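Inside the fold
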Amino acid sequence: MPFEPKIVGFFCHWCTSMAADLAGTSRLEYPPNVRPIRVMCSGSVDPSYVIKALLLGADGVIVGGCHPGDCHYLTGNYKARRRIAIIKKIFETLGLEHERIHLEWISASEGKKFADTMASFTEKIRKSGPNKLGEMWEL
Amino acid sequence: MTPAEFLEKILSESLKRDLVGGVITLKRTSNDAAAHALITKVELLEGCDPLMPYFPGNGADFIKTLTFVRPPKKPILAILRPCEMRAVVELTKLSQIQNENIIYLVHDCYGTIPRKEIRGNEIPDTEKFISEARKDGSMLRPLCRSCDYPRANTADIGWLVFEDGEPLIAYTEKGKAFLNEIGVEFVESAPDKGYKEILSKRIEEKEKLYAELEKSVKGIENLAKNFANCINCHNCMSNCPICFCRECFFESEAMEFEGDVFVELASRKGGLRAPTDVMLFHLGRMSHMSTSCVACGACEEACPEDINIGQIFKWVGENTQSIFEYKAGRSWDEEIPLKEFREEELEPR
């Protein structure tokens, strides 16, 4: 069976989740590999959610938030940006695959960008192959 | 100022003349153990020695205990190591310490010896220890051996024991006023000949340490092997001065599930290790606090399984802090990375 990546998406309620709705109502096609989880703000995504998803075998994690300056709660996305940078640096230092973590700004009106991002991230992860952490019972 | 003079002229004198409400310093509790102690009675200064090569845990924790609800009304003189001072700076930024009535006196630090090696023996004589540590740091804790901040200028007063004559220096007005009142000499600017000598050795050791970690810890298999004997006791977290949360996320209800959730998790990988979420705990803790890690190594000293957790946190912390050109505890003015942000930074992500 060919490898189908499992991707976990944490999407902010106000922008990226709206964009997902728009992509749907606009009948845009994108791969079904992303399991969306709606959160109120990208700033509410604790780094440990991202880490846990990867440790349990998600092949990729994508966090979607409002564009800088557009956060419904004013500054949540700026905080998310710092947190994602920190997780990626930890993974890089420890030799884990930080490329499996992605942060994207997608506004409520960008249904097309949502579909395109999901497609391109899925393809990127498909090329990376399965996440080894998902096979290691001892972690 | 020699250690004997320090004890006499600073600690003893400040208590005798009632200049402070008490002094915090290291005091022997037995032949092979010592603790931080708040001393109010001159007679109890017996057995006190701030330079002894013993690290009972990060003293910043005690400063937090002392000042969290309301700082003492009368000034307290706290003698700390540079790593403890860095933790004080971080905890102050995290609103856990109130500094109003604490006078910080921080000495240059030659380092400390692992507690496990002292247990059952004796804490080595300080003078003998220092003359050995100047030549060769192999007996030191790995984090002391590779410490790149063995002096702290964030304190009120510095005791420059790396330099000839071991002078005192006042870094703040508060420190100056105290030294003037007690009537001891101090220098205006810090000589750094001895400091630079020690620092270059430490940095050399640090690079060796990181090269070793790259080989032994980096990579999924290595990482799993490195934490294979972790018993998830969370001692590292409870001894960490920076981990101040009353309730830790990793000990909260967020970690509790119905039985079938665990069965499902096991069936995905074919098995599930108990205790669960060991790696999540360590990686998660790194993501929560490595940007404020002062590399004191209290975690490593507390680990019953001898995992090199402090070395890993120092290494990871230096990297995560470098994203923001931050160094935990270096300065009072820099905001901690997780409390602030810039509108334009970190792009492209």
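Please read all numbers here as calculations on a predicted model, not as lab measurements.

**Focus on the overall build of chain B**
For chain B, the count of helices and strands is 14 helices and six strands. Its C-alpha atoms give chain B principal-axis dimensions of roughly 70 × 45 × 40 Å. Classification of the 349 residues of chain B by burial places 42% in the buried group. Residue pairs in contact within chain B that sit at least 24 positions apart in sequence constitute 72% of those at least 6 positions apart.

**Notes on the domain arrangement of chain B**
All names here are of chain B. Entries for chain B in the domain assignment read domain 1 (3-208) and domain 2 (217-339). Each of domain 1 and domain 2 has a C-alpha centre, and these two points are 28 Å apart. Each side of the interface is counted separately: domain 1 has 22 residues, and domain 2 has 20 residues. Secondary structure elements with two or more residues in the side of domain 1 that touches domain 2: α2 (60-67), α3 (82-93) and α6 (142-145). If one sorts the elements of the side of domain 1 that touches domain 2 by residue count, α3 sits on top with nine residues.

**Quick word on helix α7 (residues 173-182) of chain B**
All names here are of chain B. By the burial criterion, the buried members of α7 are Gly 175, Phe 178 and Leu 179. Projected down its long axis, α7 carries its buried residues within an arc of 95 degrees, all on one side. Relative to its buried face, α7 has exposed residues pointing more than 90 degrees away, namely Glu 173, Asn 180 and Glu 181. Looking at the buried side of α7, the elements it contacts are β4 (102-107), β5 (157-159) and β6 (168-170). Gly 183 occupies a position one or two residues after α7 and carries a positive phi of about 80 degrees.

**Concerning the confidence of the model for chain B**
In the predicted model, chain B carries a mean pLDDT of 96, and 100% of its residues have values of at least 70. Reported confidences for the modelled complex are a pTM of 0.96 and an ipTM of 0.96.

**Some details on the interface of chain B and chain A**
As a measure of interface size, the accessible area lost when the parts come together is often cited. Counting from both sides, the interface comprises 34 residues of chain B and, opposite them, 32 residues of chain A. At the level of secondary structure, the elements contributing two or more residues to the side of chain B that touches chain A comprise α9 (220-226), α11 (259-269), α12 (278-289) and α14 (309-323) of chain B. When residues of the side of chain B that touches chain A are assigned to their parent elements, the largest contribution, six residues, is made by α12 of chain B. Within the side of chain B that touches chain A, the residues separate by chemical class into 19 nonpolar, nine polar and six charged.

**Side note on the nonpolar core**
Counting residues in each nonpolar core, the largest one holds 133 residues, and the members touching the most others are Val 61 of chain A together with Ala 78, Val 88, Tyr 104 and Leu 105 of chain B. Tallying contributions element by element places helix α3 (residues 76-93) of chain A first for this core, with seven residues. Residue contributions to this core reach at least three from each of two domains, namely domain 1 (3-208) and domain 2 (217-339) of chain B. Contacts of Val 61 of chain A, omitting those with residues within four sequence positions, involve Val 8, Val 50, Ala 53, Leu 54, Arg 100 and Ile 101 of chain A.

**Describing unusual backbone geometry**
Residue and element names in this part refer to chain B. The step from Ala 274 to Pro 275 runs through a cis peptide bond, and the omega angle for that step is -10 degrees. Position of Pro 275 relative to the elements: it lies in the loop between α11 and α12. Of the consecutive residues Glu 347 and Pro 348, the connecting peptide bond is found in the cis state with omega at -10 degrees. Within the secondary structure, Pro 348 sits in the segment after α14. Although it is not a glycine, Glu 166 sits at a positive phi angle of roughly 45 degrees. As for its position among the elements, Glu 166 is in the loop between β5 and β6. According to the C-beta neighbour criterion, Glu 166 is partly exposed, with 18 such atoms within 10 Å.

Reading guide: rules and limits
- Residues numbered from 1 in each chain as written.
- Chains lettered and ligands numbered in written order.
- Predicted model: local features only at pLDDT ≥ 70, side-chain atom pairs only at ≥ 80, totals over all residues.
- Helix = DSSP H or I, 4+ residues; strand = E, 2+ residues; numbered from the N terminus.
- Buried ≥ 20, exposed ≤ 12 C-beta atoms within 10 Å, placed from the backbone.
- Contact = placed C-beta atoms within 7 Å.
- Domains from an automatic or database assignment.
- Arc of directions from axis to C-beta.
- pLDDT = per-residue confidence, 0-100.
- Nonpolar A, V, L, I, M, F, W, Y, C, P; charged D, E, K, R; others polar.
- Core = buried A, V, L, I, M, F, W, Y, C linked by C-beta atoms within 7 Å.

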